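# Commentary on secondary and tertiary structure
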Amino acid sequence: MSIIKELNQDIKKIVEKSGYKVDNLLLQPSGRRDLGEFQLNDAMNLAKEYKKSPRIIAEDIVRELEKDGRFTNLNIAGPGFINITLTDEYLGQLLTQIYEDKSLNIDKREKRTIILDYGGANVAKALHVGHLRSANIGEALKRLATQLGYEVIGDAHLGDYGRPLGLVVLEIKKRYPELAYFDETYTGDYSEIEPPITNSDLEEIYPYASNKSKEDEAYLEEAREITFKIQNHERGYYDLWKKVVEISKKDIKQVYDMLNVNFELWLGESDAAEYLDELTEIYEKSNVLVESEGAQIIEVKEESDTFPMPPLLFKRSNGTVSYETTDLATILQRQKEINPDEIWYCVDARQGLHFDQVFRAARKVKLVEDRVGLEHIGFGTMNGKDGKPFKTRDGGVMSLKGLINLVEQETKKRINPDTVEEDMREDVAKTVAIAALKYADLLPFRGTDYIFEPEKFADLEGKTGPYLLYSTIRMKSLLAKGADLPIGEIIKFKTETEKDIALTILRLPIILNKALDSRSLNDITEYIYRLTALYNKFYAENKILTEEDKELQKSWLTLTKIVYDINMMLLDILAIKVPEKM
Ligand code: ARG
């Protein structure tokens, strides 16, 4: 249990001793630091319950708190707000304990098994900004939840099954009709032949085929037929499709690697295909499939809906299955193979309706037990300066690699040539660019749209990734320079800034839990900025390595180490790598 939680419980007992029972006592950080470090607001509620004036209750509580010895400057403000300050000695002790054992500054939860679906990159298509947000937010949530005691299994859930693949295979057929894949008389082993296609070919082929299908009805129909063939494992087409997936997957893996994003499972939509028959049977048995113009649909509308809720398209009239249906099959697969407590989907908020439909259809036939949570963790869009979803200069969808390059051009300008050797600069600029992009992406509440501003993201000052990296590297270098000096105990404080740092450190467990509850990293990104900015103020005010008061110096180095460790832990949760120098 965290120290701050323990302190809350101690105070709860003290309040009880003074004659009052509170269920959930929570010390609040004080808004008026001149009055106290913490505020206890419970006297107001107790007044109603005990039919006494809050002021009298507050006085009773303060009398009891005064006996304790760990608190100072106890006073009552307004109608009955109790202000509490920890003695320097006690605050120092708490921090020393955290220095010795980091687990005293974290509140673990009971284990739950979560499947986190946060990839969604589409085979044969370049990753785009939406995938960036899924990956950033999802990876960080996974690391946060793991840190707090959950078991989280991340799944890439590649888009490898729908019509785009049919289009790509069709276009390959048009360009290379002589390939054995399209030769019905071919009896050899397809796994031994390689299609003459690279990943960059794929990135050109898909947009071409997609545009063509919009103008050419016959072409689209052919693509549908091929999609059907692939989904039914027809020899040749199915084999070529597998090759395309393989080629594309290699590139997708590289991009996720670059983002420091690692999936436990590399499954795709197609992996759920083996559950499609069983899924269909379940729905047929429950009589929820409705015929509609040759297609099969599921009604998911509920009485209380105040927004339009169209039926879920289960199977198209041409026999192919929809994106909704592969998601249903995937739920069945996950239930059978992993049996999780929850499934989370970190996907663009604009897919909200899709997930509403899927979850409702899943609940209808109890694809998962009622206790299993199904949750869409939606996020807003990254916009251009015009306030619209960020596009390339010619109006196309911005690829993720292109986006990273734009940030890298900015971070490159800010690498210090005096500290980073020439042959390292490229690498460092890339690491800092990813950090800049990730931090900016995780800074607003996940549901909020934000604007892509590479110059701002790369700035060495302000709420930016580079500022945090730079400051953290500086802490590390200070600790290295002071490696021979005594460390390990906080004996005293010289200024209020140090105490502010200490109090901010004590808030960490609350912040982590709040972030997990809201499924958003913004509390963490704000917190790490606040802690770092406070530390930098302290750093600027003092000469730590030459300080003559040895007790003070020891306290300062210990404080530095705690802040450094927290920064490293939080940057790791955000999946941001810290370079050696920058
Ligand atoms: N491939 C989809 C897309 O690019 C995202 C998949 C999200 N995950 C899911 N289970 N539907 O839009």
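Model, not experiment: these values are computed from the prediction. (Residues numbered from 1 in each chain as written. Predicted model: local features only at pLDDT ≥ 70, side-chain atom pairs only at ≥ 80, totals over all residues. Heavy atoms only, no water.)

## As for the sheet that holds strand β2 (residues 38–40)
Ordered by their spatial adjacency, four strands build an open sheet running β1-β2-β4-β3, and the pairing between neighbours is antiparallel. Looking at the sheet topology across the chains shown, the edges are occupied by β1 (28–29) and β3 (71–77). (Pairing = 2+ DSSP bridges. Helix = DSSP H or I, 4+ residues; strand = E, 2+ residues; numbered from the N terminus.)

## Section: the packing of helix α4 (residues 88–100) against helix α20 (residues 550–573)
Between two packed helices, the angle of one axis relative to the other and the distance separating the axes together describe the packing. Relative to each other, α4 and α20 sit at 55°, their axes nearing to 10 Å. Taken together, the axes of α4 and α20 are oblique relative to one another. For the element pair α4 and α20, the recorded crossing hand is left-handed. Residue-level contacts link Leu95, Ile98 and Tyr99 of α4 to Thr558, Leu559, Lys561 and Ile562 of α20. Looking at the contact of α4 with α20 residue by residue, the classes come out as five nonpolar, one polar and one charged. (Axes fitted to C-alpha atoms, helices over the stretch in contact; angles between N-to-C directions. Parallel < 35°, antiparallel > 145°, perpendicular 65-115°, else oblique. Left-handed = near helix turned anticlockwise from the far one by under 90°. Contact = heavy atoms within 4.5 Å. Nonpolar A, V, L, I, M, F, W, Y, C, P; charged D, E, K, R; others polar.)

## Some details on helix α17 (residues 496–506)
Buried residues dominate α17, accounting for nine of its eleven residues. Among all positions of α17, only Thr497, Glu498, Lys499, Ile501, Ala502, Leu503, Thr504, Ile505 and Leu506 are buried. (Buried < 20%, exposed > 50% of the residue type's maximum accessible area, 1.4 Å probe, protein only.)

## Here's the deal with the site of the ligand
Taken together, the residues surrounding the ligand are Asp117, Gly120, Asn122, His131, His157, Tyr323, Asp327, Tyr345, Val347, Gln351 and Phe355. Measuring from a nitrogen atom of the ligand, one finds a side-chain N or O atom of Asp117 at 2.9 Å. One nitrogen or oxygen atom from the side chain of Asp327 is found 2.8 Å from a nitrogen atom belonging to the ligand. When isolated, the ligand has an accessible area of 350 Å², and the protein chains bury 88% of it. Listed by contribution, the elements that provide at least two residues to the shell around the ligand are α11 (323–337) and β10 (342–348). (Near = heavy atom within 4 Å. Polar contact = N/O pair within 3.5 Å; in protein donor to acceptor, adjacent residues only side chain to side chain. Areas by Shrake-Rupley, 256 points an atom, 1.4 Å probe, with all protein chains shown as cover.)

## Side note on the sheet that holds strand β9 (residues 312–315)
An order of β7-β8-β9 is seen for the three strands of this open sheet, with the pairing classed as antiparallel. Only two strands of the sheet have a single partner each, and these edge strands are β7 (289–292) and β9. Looking at each pair of strands side by side, their axes are set apart by 45° on average, direction ignored. Sheet topology note: the β7/strand β8 (residues 295–298) ladder contains four bridges and is antiparallel. Considered in β8, the bridge of Glu291 is made with Gln296. Of the strands in this sheet, β7, β8 and β9 touch helix α10 (residues 276–285), which is tilted by about 120° from β9.

## Examining the layout of surface pockets
Quantified by volume, the second largest pocket comes out at close to 340 Å³. Contributing to the lining of the second largest pocket are 16 residues, with Lys5, Asn8, Asn24, Leu25 and Leu26 lying nearest its centre. Sorting the residues of the lining of the second largest pocket by element identifies α1 (3–17) and α18 (508–518) as the ones contributing at least two each. Residue composition of the lining of the second largest pocket, by class: five nonpolar, five polar and six charged. (1 Å grid on protein atoms, 1.4 Å probe; cavity = no way out; pocket = protein on both sides within 12 Å on 5 of 7 lines; lining within 4 Å. Points joined across faces, edges and corners; volume = space filled by probe spheres on them.)

## Some points on helix α6 (residues 163–175)
Under the 1.5 Å per step criterion, the end-to-end length of α6 is 18 Å for 13 residues, consistent within 8% with the ideal 18 Å. Within the sequence span of α6, burial applies to Leu165, Gly166, Leu167, Val168, Val169, Leu170, Glu171 and Ile172. At its buried positions, α6 is contacted by α7 (199–215), α8 (217–231) and α9 (237–258). (Expected span 1.5 Å × (residues − 1).)

## A closer look at the pattern of salt bridges
In this structure the tally under the stated criterion is 54 salt bridges. In this structure, the salt-bridge partner of Arg224 is Glu221, at a minimum N-O distance of 2.6 Å. Here Glu221 and Arg224 lie together in helix α8, a separation of three residues that amounts to about one turn. Overall, Arg224 belongs to the partly exposed group, its relative accessible area being 21%. What makes Glu221 partly exposed here is its relative accessible area of 30%. Among the ionic pairs, Glu541 bridges to Lys537, the shortest N-O distance being 3.6 Å. Remark: Lys537 and Glu541 occur in helix α19 (residues 522–541); sequence separation between them is four residues, near one turn of the helix. Relative accessible area serves as the criterion here: at 39%, Glu541 is assigned to the partly exposed category. Several salt bridges share partner residues, and in doing so they unite Arg33, Asp88, Glu496, Lys499 and Asp500 into one network. (Salt bridge = Lys/Arg side-chain N within 4 Å of Asp/Glu carboxyl O.)

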